[in-house]
Amino acid sequence: MEFHNNAEEDIEKLSRAIVDAIVGSKEVKSILSRLIEKNVIVDKGFMMLMIKVQALSELADLAEKDTKAKKPSKKKSTKQYIDGRELTPGEIAFLDYCSKNFNEKEWLKKAGITLEEEGT
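Residues numbered from 1 in each chain as written. Predicted model: local features only at pLDDT ≥ 70, side-chain atom pairs only at ≥ 80, totals over all residues. Heavy atoms only, no water.

*Asks:* Would you mind showing me how to read the overall build of the chain here?
*Replies:* Summing up its helical and strand segments, the chain has five helices and two strands in all. Reading the chain from its N terminus to its C terminus gives the helix and strand order α-α-α-β-β-α-α. Across the 120 residues in the chain, those meeting the buried criterion constitute 8%. A separation of at least 24 residues holds for 32% of the contacts in the chain among residues at least 6 apart in sequence. (Helix = DSSP H or I, 4+ residues; strand = E, 2+ residues; numbered from the N terminus. Buried < 20%, exposed > 50% of the residue type's maximum accessible area, 1.4 Å probe, protein only. Contact = heavy atoms within 4.5 Å.)

*Asks:* Mind showing me how you'd approach a nonpolar patch on the surface here?
*Replies:* Together, Phe102, Trp107, Ile113 and Leu115 give the surface a local cluster of nonpolar side chains, amounting to about 450 Å² of exposed area. You can see phenylalanine 102 is positioned in the loop between helix 4 (89–101) and helix 5 (104–111). (Patch = residues over 30% accessible without salt bridge, like charges linked within 9 Å, V, L, I, M, F, W, Y side chains within 5 Å. Areas by Shrake-Rupley, 256 points an atom, 1.4 Å probe, with all protein chains shown as cover. Salt bridge = Lys/Arg side-chain N within 4 Å of Asp/Glu carboxyl O.)

*Asks:* How do you make sense of unusual backbone geometry when you look at a structure like this?
*Replies:* Glycine aside, a negative phi is what most residues show, and trans is what most peptide bonds show. Positive phi, normally seen in glycine, also occurs at aspartate 83, with a value near 55°. Mapping aspartate 83 onto the fold places it in the loop between strand 1 (81–82) and strand 2 (85–86). Residue aspartate 83 is classed as exposed on the basis of its relative accessible area of 81%.

*Asks:* So what exactly am I meant to see when it comes to helix 2 (residues 26–37) here?
*Replies:* Side chains that are three or four residues apart share a direction in an α-helix, a result of its 3.6 residues per turn. The first and last C-alpha atoms of helix 2 sit 16 Å apart over 12 residues, in line with the 16 Å expected at 1.5 Å per residue. Taken from the residues just after helix 2, asparagine 39 is the one with a positive phi, measuring 60°. (Expected span 1.5 Å × (residues − 1).)

*Asks:* How should the pattern of salt bridges be read in this particular structure?
*Replies:* Should the charged atoms of two oppositely charged side chains come close, the side chains can pair. Under the definition given, this model contains two salt bridges. Put simply, lysine 110 and glutamate 106 hold a salt bridge, and the shortest N to O gap is 3.3 Å. Note that lysine 110 and glutamate 106 are positioned in helix 5 at a spacing of four residues, about one turn of the helix. Exposure remark for lysine 110: the relative accessible area of 68% places this residue in the exposed category. Judged by its relative accessible area of 42%, glutamate 106 is partly exposed.

The quantities given are spatial measurements derived from coordinates; they are silent on function.
Printed below as a string of structure tokens:
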């Protein structure tokens, strides 16, 4: 399929391709035939229009979600360095554990350091 700079032509080609793919399905053809035989669907052109509208609506929803999801992602670097040396995964895990479980008040008390609070 050849694409042009004209977005409307490309959307029309996409719409046709979607309809062709849907109607090309044996299961879809079978269901459509049954609905037409039971006079549930009387106008084939109307059914095609509904399929196109639904397909384009879903396409527009996907495009909107994509634009919202395409925020520049900052990949968090898992590499950490101390004194110019890259830490191993075990060292990183140990540092994470220490930072999560560190009790500043207890450490200050053990070290004999007292901080005066403001206003006293």
